[in-house]
Amino acid sequence: MSALSDLQATRDPSRKSWVESANEPRHDFSIQNLPFGIFSDSHDDARRAGVAIGDEIVDLSVLHAAGLLTVPAKADVFARDSLNDFIALGRDAWRSVRIQLSNLLARDTSTLRDNAALRGKALVRRADARLHLPVQIPGYTDFYSSKEHATNVGSMFRDLKNALLPNWSEMPIGYNGRASSVVVSGTPVRRPNGQLKLPDQERPVFGACRKLDIELETGFVIGGGNALGEPIACADAEAHIFGMVLLNDWSARDIQQWEYVPLGPFNAKTFATTISPWIVTLDALEPFRVAQPQQEPRPLAYLRHDGEHAFDIALEVALRPQGAKEATTIARTNFRHMYWTMAQQLAHHTVSGCNTRVGDLMGSGTISGPTDDSYGSLLELTWNGKKPLELKEGGTRSFIEDGDELTLAGWCQGDGYRVGFGSCVGEILPARG
Ligand code: CA
């Protein structure tokens, strides 16, 4: 088969796997998905690369050693504690590995299916595995690309008339975030301390954040960087993206409101950013490509691209108080509402000549939809605490309390299968005294 028809076969909705759990119609990790991550387990605490399939993880290092996975590298790029060396091999290599895995895991392929000894070594139950940060992240940038979110925040922090500043409609606004505090799903997050400016006092006080919030975002991971001084054209930008994750940009709203003028958020955002452990490739997301919202005014030439560049990704946020059995879903929205596309974000990021590197993480910005149950932050959902949310097992929330566990989920719904992201979870610990 040609490379193109091999690639198309990986997205065939009728393709099933001999890993039966992957064939459940609502499972995030179908054979059409095959997201990459880094894991270890109780038998082997060495971190290595894996791909999620149903309730299992395929150990890529084992397959490579058995000669079942061909990559254009002499060394075993899968026996690493990050995906960076694999990603650095380039898009043809990622695409080829995903095609080889799809073929190996397809129901009719006996090579691994009927080799019990090798299968026993190559498949690890996800429930027995520990997941780690999938990439070593040299740099993290966060954008602000949802028109609904920017309008909501602008009308609360300023006023309705000046909600959207004039530059917002001309460029994907962003800022340089903090890569060192990006953590993988499941890592507890400590409530930050900082400067708080109370409305009835002239000077700030120092103390624990009282308005701790989430930001529902996705992130994309740079797969092919650019050299210093050489921008990435908007039309070429998607070829530089390895894949996407869910991202929670934890935010201390009271710290933010006091510190953000004139240079933007600092302590309000630097204490933690949580990402989901599995990177879903753009090759897996391709069937879910949809048109981005109409852009008016027409963007400047360097921000133009033909065709469709948004993706239909359903997103949800759930909150579970400490000790509660059930979580309450507090927001439902979709990535397709984003005004600026990932390609435009990357073109804008690099147009100054700024370089990017393999593993760089780019946050979408909070993803808010048009209705008041589709907002991607508590700030918007409760309108800065004025309309507290009711929780399933009683009680209300204006902002996050200690012991609350917040979970982001996301998936693309195909015909009888899903391409999902898994979850992005964090529990809040009390501030340091
Ligand atoms: Ca953000």
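**A few points about unusual backbone geometry**
Link 1 in the chain: The omega torsion across V261 and P262 is 5 degrees, close enough to zero to call that bond cis.
Link 2 in the chain: Along the chain, P262 turns up in the loop between α8 (253–259) and α9 (267–270).
Link 3 in the chain: For the bond from E296 to P297, the omega torsion is 5 degrees, close enough to zero to count as cis.
Link 4 in the chain: Turning to its location among the elements, P297 is positioned in the loop between β18 (289–290) and β19 (310–311).

**Comments concerning the coordination of the calcium ion**
Tetrahedral coordination by four donors puts the ideal angle at the metal at 109.5 degrees, and octahedral coordination by six puts it at 90 or 180 degrees.
Link 1 in the chain: D142 (OD), E215 (OE), E217 (OE) and D249 (OD) make up the full set of protein donors to the calcium ion, lying at 2.2 to 2.3 Å.
Link 2 in the chain: Read from N- to C-terminus, the donor residues coordinating the calcium ion fall into the pattern D-x72-E-x1-E-x31-D. Residue D142 is located in strand β6 (residues 140–143), and its partner D249 is located in the loop between β14 (241–248) and β15 (251–252); the two are separated by 107 residues in the primary sequence.

**As for the confidence of the model for the chain**
Link 1 in the chain: In the predicted model, the chain carries a mean pLDDT of 97, and 99% of its residues have values of at least 70.
Link 2 in the chain: When mean pLDDT is compared element by element in the chain, strand β16 (residues 273–275) scores highest at 99, while helix α1 (residues 3–10) scores lowest at 89.

**Concerning the environment of S96**
Link 1 in the chain: Looking at the element boundaries, S96 is found in helix α4 (residues 91–105).
Link 2 in the chain: Sequence separation of S96 and V71 is 25 residues, and the distance between their C-alpha atoms is 7.9 Å.

**Thoughts on helix α11 (residues 342–350)**
Link 1 in the chain: The buried count for α11 comes to nine of nine residues, which makes it a mostly enclosed element.
Link 2 in the chain: For α11, the set of buried residues is M342, A343, Q344, Q345, L346, A347, H348, H349 and T350.
Link 3 in the chain: Tucked inside the fold, the buried residues of α11 contact β6, β13 (216–222), β14, α10 (282–285), β19 and β22 (361–363).

**A few points about the domain arrangement of the chain**
Link 1 in the chain: According to the domain assignment, the chain contains domain 1 (3–132) and domain 2 (140–429).
Link 2 in the chain: Of the roughly 2400 Å² buried where domain 1 meets domain 2, counting both sides, 61% is carbon and sulfur surface.
Link 3 in the chain: R95 is the partner of D283 in a salt bridge, and the nearest nitrogen-oxygen pair spans 2.8 Å.
Link 4 in the chain: The tally of links between domain 1 and domain 2 comes to eight residue pairs in polar contact (both at pLDDT 80 or more).
Link 5 in the chain: Contributions of two or more residues to the side of domain 1 that touches domain 2 are made by β1 (36–41), β2 (48–53), α3 (84–87), α4 and β5 (129–132).
Link 6 in the chain: Of all the elements, α4 adds the most residues to the side of domain 1 that touches domain 2, at four residues.
Link 7 in the chain: Here the residues of the side of domain 1 that touches domain 2 sort into 15 nonpolar, eight polar and seven charged.

**Considering the side chain of D283**
Link 1 in the chain: Checked against the element boundaries, D283 lands in helix α10.
Link 2 in the chain: Judged by relative accessible area, which is 12%, D283 ranks as buried.
Link 3 in the chain: Side chain to side chain, D283 and R95 meet in a polar contact 2.8 Å long.
Link 4 in the chain: The residues touching D283, leaving out its near neighbours within four places in the chain, are L7, R11, R95 and R98.

About the cut-offs
Residues numbered from 1 in each chain as written. Predicted model: local features only at pLDDT ≥ 70, side-chain atom pairs only at ≥ 80, totals over all residues. Heavy atoms only, no water. Helix = DSSP H or I, 4+ residues; strand = E, 2+ residues; numbered from the N terminus. Donors = N, O, S within 2.8 Å, 3.2 Å for Na, K, Ca; no water. pLDDT = per-residue confidence, 0-100. Buried < 20%, exposed > 50% of the residue type's maximum accessible area, 1.4 Å probe, protein only. Contact = heavy atoms within 4.5 Å. Domains from an automatic or database assignment. Buried area = accessible area lost by both parts, 1.4 Å probe. Salt bridge = Lys/Arg side-chain N within 4 Å of Asp/Glu carboxyl O. Polar contact = N/O pair within 3.5 Å; in protein donor to acceptor, adjacent residues only side chain to side chain. Nonpolar A, V, L, I, M, F, W, Y, C, P; charged D, E, K, R; others polar.

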